[in-house]
Amino acid sequence: MKILITGANGLLGQKITGQLVKRNIPFLATSNGANRNPDCPDADYKTMNICNAAEVAAVVATYQPTHIIHTAAMTNVDACELNPEACREVNVEGTRHVADAARSVGAHFQLLSTDFVFDGEKGNYSEEDEVGPLSVYAQSKVDAEELLLKGTDHNFSIVRTIIVYGTAHNLSRSNLFLWAREALPKGEQMNVVDDQFRAPTWADDLAWGCIRICELNATGIYHLSGPETYSIFEIVQKVAAHYGYGTRSLNRIASATLNQPAKRPPKTGFDLTKAKNKLNYHPKTIEETLHLF
Ligand SMILES: NC(=O)c1ccc[n+]([C@@H]2O[C@H](COP(=O)([O-])OP(=O)(O)OC[C@H]3O[C@@H](n4cnc5c(N)ncnc54)[C@H](OP(=O)(O)O)[C@@H]3O)[C@@H](O)[C@H]2O)c1
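Please read these numbers as outputs of a predicted model, since none were measured by experiment.

Colleague: Is there a simple way to think about the site of the ligand in this case?
Modeller: Lining the immediate environment of the ligand, one finds 27 residues, of which Gly-33, Thr-75, Tyr-137, Lys-141 and Val-164 sit closest. In this structure, an oxygen atom belonging to the ligand sits 3.1 Å away from a main-chain N or O atom of Leu-11. Between Arg-173 and the ligand, the recorded distance is 2.9 Å, taken from a side-chain N or O atom to a nitrogen atom. Protein chains shield 89% of the accessible area of the ligand, which is 900 Å² for the free molecule. Mapped onto the shell around the ligand, the elements with two or more residues apiece are helix H1 (11–22), strand S5 (108–114) and helix H5 (136–149). At 3 residues, the largest contribution of residues to the shell around the ligand is made by S5.

Colleague: Just to check I follow, could you spell out the nonpolar core for this structure?
Modeller: Proteins that are soluble and globular tend to have nonpolar side chains buried together. If you look at the biggest cluster of nonpolar residues, it comprises 34 residues, and the most contacted ones within it are Ile-16, Leu-20, Leu-224 and Leu-279. Taken together, the elements giving at least two residues each to this core come down to strand S1 (3–6), H1, strand S2 (27–31), helix H7 (203–216) and helix H9 (273–279). Those residues in contact with Leu-20, other than ones at most four positions away along the chain, are Ile-3, Ile-5, Ile-25, Phe-27 and Ile-211. By size, the runner-up hydrophobic cluster in this structure holds 22 residues, among which are Leu-4, Ala-72, Ala-99 and Ala-107.

Colleague: Help me understand the sheet that holds strand S11 (residues 220–223) in this model?
Modeller: Pairing between the strands of a sheet comes from backbone hydrogen bonds, and it takes one of two forms, parallel or antiparallel. Strand order in the open sheet formed by 7 strands is S3-S2-S1-S4-S5-S6-S11, with parallel pairing between adjacent strands. Looking at strand neighbours, the two that pair on one side only are strand S3 (45–47) and S11, the edges of this open sheet. Across the sheet, the mean angle separating the axes of adjacent strands is 20° when strand polarity is ignored. With 4 bridges connecting them, strand S4 (residues 67–70) and S5 associate as parallel partners. In the sheet register, His-67 faces S5, and the bridge partner there is His-108. Running over the sheet, H5 touches S5, strand S6 (156–161) and S11 and is turned about 155° from S5.

Colleague: For this particular structure, what's the right way to read the pattern of salt bridges?
Modeller: Any two side chains of opposite charge can pair if their charged atoms end up close together. What the rule picks out here adds up to 15 salt bridges. Where Lys-122 meets Asp-129, a salt bridge forms, and the shortest distance between an N and an O atom there is 2.8 Å. According to the relative accessible area criterion, Asp-129 is partly exposed, its value standing at 21%. Note that Lys-150 and Glu-146 form a salt bridge whose closest N and O atoms lie 3.5 Å from each other. Judged by relative accessible area, Lys-150 falls into the exposed class, the value being 65%. What makes Glu-146 partly exposed here is its relative accessible area of 31%.

Colleague: Looking at this model, I keep getting lost on the UniProt feature "domain: RmlD-like substrate binding" (unreviewed entry) in the chain. Mind explaining?
Modeller: Following the UniProt record, one finds the feature "domain: RmlD-like substrate binding" (unreviewed entry) at residues 1–291. In residues 1–291, the share of helix is 39% and the share of strand is 17%. The end C-alpha atoms are 33 Å apart.

Conventions and cut-offs
- Residues numbered from 1 in each chain as written.
- Predicted model: local features only at pLDDT ≥ 70, side-chain atom pairs only at ≥ 80, totals over all residues.
- Heavy atoms only, no water.
- Near = heavy atom within 4 Å.
- Polar contact = N/O pair within 3.5 Å; in protein donor to acceptor, adjacent residues only side chain to side chain.
- Areas by Shrake-Rupley, 256 points an atom, 1.4 Å probe, with all protein chains shown as cover.
- Helix = DSSP H or I, 4+ residues; strand = E, 2+ residues; numbered from the N terminus.
- Core = buried A, V, L, I, M, F, W, Y, C linked by side-chain atoms within 4.5 Å.
- Buried < 20%, exposed > 50% of the residue type's maximum accessible area, 1.4 Å probe, protein only.
- Contact = heavy atoms within 4.5 Å.
- Pairing = 2+ DSSP bridges.
- Axes fitted to C-alpha atoms, helices over the stretch in contact; angles between N-to-C directions.
- Salt bridge = Lys/Arg side-chain N within 4 Å of Asp/Glu carboxyl O.
- UniProt positions renumbered as here; feature names shortened; annotations may be inferred.

Below, the structure written as structure tokens:
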């Protein structure tokens, strides 16, 4: 097994890279910028812009991976809403370039997708549920999925996940848990929505699941999230309780008051039955991860 990772500077990319280093599995980490992960040897890193089809084809043809885990994406949902062309270029056309390159060397292709493909009315979504994207970002992930689902090559998997959290080196963006851990002890005011429900995912569990899919050459759609669904407000309350931070600076608000450019699904969360049965995926609860930060 030789795994090529895209988006290796991102949170998930760094976690996958770290586990491959520890397990001595050969890999090539690629990302748009220079290597920002001190745990990834420079010899195993290559800069690769997924929007450049020729560059992607050349890197993949040279490395000849057996598997590609495609985590690279434009991930800021509001930035996608404000720049739909840039979002499409990275999330749809970029995915097309990487998937084409995978096909040309016979590599298994794994696409990272999102709970935002759903409209958030039902919650506890299974892999068979109908998608209903509410935003430009969500639509771009649906379109990327369809490149695979409507194609003739079935050597792929799609991994949908939800609020990924954890720590990594030099991240370009924060996540809910890092924000809470920074703001709460300082008593900074935090406006937190109580009408969106999610099953946050410990990044190490998700990375394990992505590698497991490679090991099993698993195909089709997999839902990999944390095991429990809570409101965002409840999630931040759990962080506060664990570290003994006061919650007086925590303000419970409705999503509508934020006036965010992109619409969010009110309630997601996943049915993990397939992942448990086929991958032996048993993710940690929030409480089981907080002492690991
Ligand atoms: N984080 C979540 O809560 C969440 C939830 C649901 C789904 N997902 C999906 O899971 C995947 C991984 O998420 P993440 O949180 O690890 O993302 P992330 O931390 O935002 O990292 C994404 C990485 O993509 C890379 N990238 C962006 N444009 C690129 C380009 N043109 N060419 C090559 N690389 C490019 C960036 O590389 P550089 O840093 O080198 O520029 C960045 O490090 C994404 O596909 C995301 O949509 C994430």
